[in-house]
Amino acid sequence: MSEAPRETVIIAEARAESADRLRRLLQAEGWQVLVCASARELLALLPELRPRMLFISLEMPDLPGPDLLTLLKERARGLPLVAITQHESVPRAVAALQAGAVDLLTLPISPSGVRASLKHAQTDDQGRSDLRRAREAASDREGFSHMLTRSPRMLRVFEQIRAVASTDATVLIRGETGTGKELVARAIHEHSRRQERPLISVNCGAFTETLLESELFGHEKGSFTSASGRRRGVFEMADGGTLFLDELGETSLSVQVSLLRVLETTRFRRVGGHEEVDVDVRIIAATHVGLEEAVKRKSFREDLFYRLNVFPITLPPLRERREDIPLLLRHFFEHAAQAYGLSEPPAISATAMEAILRYDWPGNVRQLRSLCERWVIVANGREVTAEMLPEPIRTGGPPKPADPADFHVEDGVPMKVAVDRMVSQLERTYLHRLLQRNHGRLSQTAQAAGITRRTLYNKMKAYRLDADDYR
């Protein structure tokens, strides 16, 4: 039998009606689908096929769900797996997640449930792939193979990770965007007694208040317009494991009250529900904003801040650990060369390395990694030269802010021309700062500037600003 396309998923579901509905929903999302009516058929197919994902019923007639998941943990190692069940319960969900499932779908299956499961599975798949490649690419004597460093400050962070990992203490990770806060959370989880349980990450800044509450605590059927059924939140999904709450400083006061209650009582209610759910979850929070200042502004609760700040870890920005840049460059080059099928990672010229070491890296390690991938593609096996670097890196930094006192008036230049030039300088500086604040996200930048995305794109092209330089 020929190898299945990468976009193929396999459904193992004996209930014909449920299997057919799930098949149609997945096909509508662009997937090719194979359906197995028994566990035996699935296990026979797996050695011959390489699907991207599995949707597995926990009520297969020829093999109990837990036994099937245990087998698949070995025979489909690293493959994202979504469990399907007719009767949802917290113990059942936890057992499925412990056995390797990345999500749990409850019958009847809804389109939104399938889309959410696909998102969870694809995120998990990317995370697993990144971590596996990093571990294969590096031998780190410190025991944190996904965080490479020679910096004394980062080595002290490793000591903090070891000290707190063996406890259940709440951790608050501080650091600029792109410094690796999620990697620290993963390291704490992997060195803790909860390492065999789920680690679930949520970017709190990516949701509106209503959606964030639903994401965190789940909701009951009919609790809001699109709530077509009960949905578990990440607190339930992470029961027994670790929950990483990123960008916690972006949450509303209402959500903060709910979070404080969970931290103090380990209990919560789903949105629109009355039943209290009890969970055992370790919280690791992260923020790039100064929470002390947010407390003073009354935008962050003081009691929640003290409850979170039990064990703070502060990550240094890349500009304060420049000794790590050559090491990270080599690692990201090897990683990207392998990902794009190149036999050897490119070398880097002395002048390019000089400019890279001089640059302040506002997007930190994430920005460096993104640019390394681009350089590997552009170089295509050749040496990475200074000419291949983006202008801010090549010229030593971001555009200098326009100051009217520094503006030179040339003889014979009409006032309109002089004013237009000054406006252009101010506009470029304004867009640079806005892109920096929004980490290169064009929709958010355009909305903040009060212009259309197309207008923003045209101005960025005119001013030679690249969104990737801010990510």
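Our structure is the block above this text.
Computed from a predicted structure; not experimentally measured.

A. Geometry of the sheet that holds strand β3 (residues 53-57). Strand order in the open sheet formed by five strands is β2-β1-β3-β4-β5, and the pairing between neighbours is parallel. Two strands in the sheet have a free side with no partner beyond their single neighbour: β2 (32-36) and β5 (103-106). With strand direction ignored, the average angle separating the axes of adjacent strands in the sheet is 20 degrees. Where strand β1 (residues 8-12) and β3 come together, four bridges link them in parallel fashion. Paired with isoleucine 10 across the strands is leucine 54, a residue of β3.

B. Expanded view of the pairing of β2. Two elements, β1 and β2, share five bridges in a ladder whose sense is parallel. Across the sheet, isoleucine 10 pairs through a bridge with leucine 34, a residue of β2.

C. Expanded view of the packing of helix α13 (residues 325-339) against helix α15 (residues 364-379). Where α13 meets α15, the axes come as close as 9 Å, and the angle between the chain directions of the two elements is 50 degrees. One finds that α13 runs oblique with respect to α15. The handedness of the crossing between α13 and α15 is right-handed. Here Leu328, Leu329, Phe332, Phe333, His335, Ala336 and Ala337 of α13 lie close against α15, whose contacting residues are Val365, Leu368, Arg369, Cys372, Glu373, Trp375 and Val376. When grouped by side-chain class, the residues that make up the contact of α13 with α15 number 11 nonpolar, one polar and two charged.

D. Here's a closer look at the environment of arginine 374. With respect to the helices and strands, arginine 374 occurs in helix α15. Owing to a relative accessible area of 23%, arginine 374 belongs among the partly exposed residues under this scheme.

What counts as what
Chains are numbered independently. Their residues run from 1 in the order of the written sequence. Selection of residues for local features in this predicted model requires a pLDDT of at least 70, selection of side-chain atom pairs for listing and counting requires 80 or more, and totals for whole chains, interfaces and linings are taken over all residues. Processing note: side-chain calculations cover all non-hydrogen atoms of the structure and skip hydrogens and water entirely. Pairing between strands is defined by DSSP: at least two bridges between them are needed. Under the scheme used here, helices are H or I runs from DSSP no shorter than 4 residues and strands are E runs no shorter than 2 residues, and both carry numbers assigned from the N terminus. Between N-to-C directions, angles cover 0 to 180 degrees, with each direction set by a line fitted to C-alpha atoms, over the stretch in contact for helices. Orientation categories follow fixed angle ranges, with anything under 35 degrees roughly parallel, anything over 145 roughly antiparallel, 65 to 115 roughly perpendicular, and all other angles oblique. The crossing is said to be left-handed when, going from far helix to near helix, the turn is anticlockwise and less than a right angle, and right-handed when the turn is clockwise. Working rule for contacts: check all heavy atoms of both residues, and any pair within 4.5 Å makes them a contact. Polar here means any residue outside two lists: the nonpolar Ala, Val, Leu, Ile, Met, Phe, Trp, Tyr, Cys and Pro, and the charged Asp, Glu, Lys and Arg; Gly therefore counts as polar. Here the term buried applies to any residue with accessible area under 20% of the maximum for its type, exposed to any over 50%, and partly exposed to those in between, with areas from a 1.4 Å probe on protein chains only.

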